[in-house]
Amino acid sequence: MSRLFPFLLLLLSGGLFSQLKFDTLSHRRFQTTTTPAILVGYHYAGDAKDNNETFRASQMHIIEVVFARIIEFGGSHGAARVLYAGSDFIINNRYGFFMAPKIGVSSSAGIALGAEVQFQTNFEKVIPRIMPYFGFGGGGGKLTVGYNFRLLKVENFPINTLQIGITWPIKRFKEKIT
């Protein structure tokens, strides 16, 4: 046992020092990049409900177009924070076309977490809602599952309760490195 201890110490210290050397020579060490971008996404909700929460208002297909500010944090294990504003264009099988202007924030480092506030409208009524979501993501893109919570109830107005979606940057503008 006494001969095994120096060997294990040498083995573990070699692994530790090699990692430190790699981290200090990394070209992305503590580098933060801020990039404006346009994100586009598709979301599907198969469980849209109206005001009484029992009637199925059928499926919703959602196209998302947002202008975002992607802040990527470098290093050996990078992360990204995305601040965005834009709109969802919603097609419902029963009620037709809706629009939902929104603002939101997400954070990702392999796992994506975020929330957004939306104001869904059919151009006659407006219903505010909040949607927290989680999933996988990085580099400004994400694959998420979210649940919408109504902030007001409006009759005959569907809301997509559970939705899955993918969003990805299609155009990045000039980045600023700090």
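The paragraphs below set out a description of the structure included in this document. Keep in mind it's a predicted model, so treat the numbers as computed, not measured.

It is worth spelling out the pattern of salt bridges at this point. Applying the stated rule across the entire model yields four salt bridges. Across the pair Glu 116 and Lys 102 runs a salt bridge, and its minimum N-O distance is 3.3 Å. Within this pair, whereas Glu 116 is found in strand S5 (residues 110-121), its partner Lys 102 is found in strand S4 (residues 96-108), the two being separated by 14 residues in sequence. Across this residue pair, the class does not change: Glu 116 and Lys 102 are buried. A single salt-bridge network, built from bridges that share partners, covers Glu 64, Asp 88, Lys 102 and Glu 116.

Time to look at the packing of aromatic side chains. For any pair of aromatic rings, the description consists of the separation of the ring centres together with the inter-plane angle of the planes. The full count for this structure, using the stated rule, is three aromatic pairs. A ring pair is formed by Phe 67 and Phe 173, whose centres lie 6.4 Å apart and whose planes are at 45°; its orientation type is tilted. Of the two residues, Phe 67 sits in strand S2 (residues 56-73) while Phe 173 sits in the loop between strand S10 (162-172) and strand S11 (176-177), which places them 106 residues apart along the sequence. For Phe 67, a relative accessible area of 48% gives the class partly exposed.

What follows is about the pairing of S5. Inspection of the sheet shows S4 paired to S5 by eight bridges, in the antiparallel sense. What sits directly across from Met 99, in S5, is Thr 121. Connecting S4 to the next strand, S5, in antiparallel fashion are one residue. Looking at chain direction, S5 and strand S6 (residues 126-138) are connected through twelve bridges and run antiparallel. Looking at S6, one finds that Thr 121 is bridged to Val 126.

Conventions and cut-offs
Residues numbered from 1 in each chain as written. Predicted model: local features only at pLDDT ≥ 70, side-chain atom pairs only at ≥ 80, totals over all residues. Heavy atoms only, no water. Salt bridge = Lys/Arg side-chain N within 4 Å of Asp/Glu carboxyl O. Helix = DSSP H or I, 4+ residues; strand = E, 2+ residues; numbered from the N terminus. Buried < 20%, exposed > 50% of the residue type's maximum accessible area, 1.4 Å probe, protein only. Phe/Tyr/Trp six-rings, centres within 6.5 Å; stacked < 30°, edge-to-face > 60°. Pairing = 2+ DSSP bridges.

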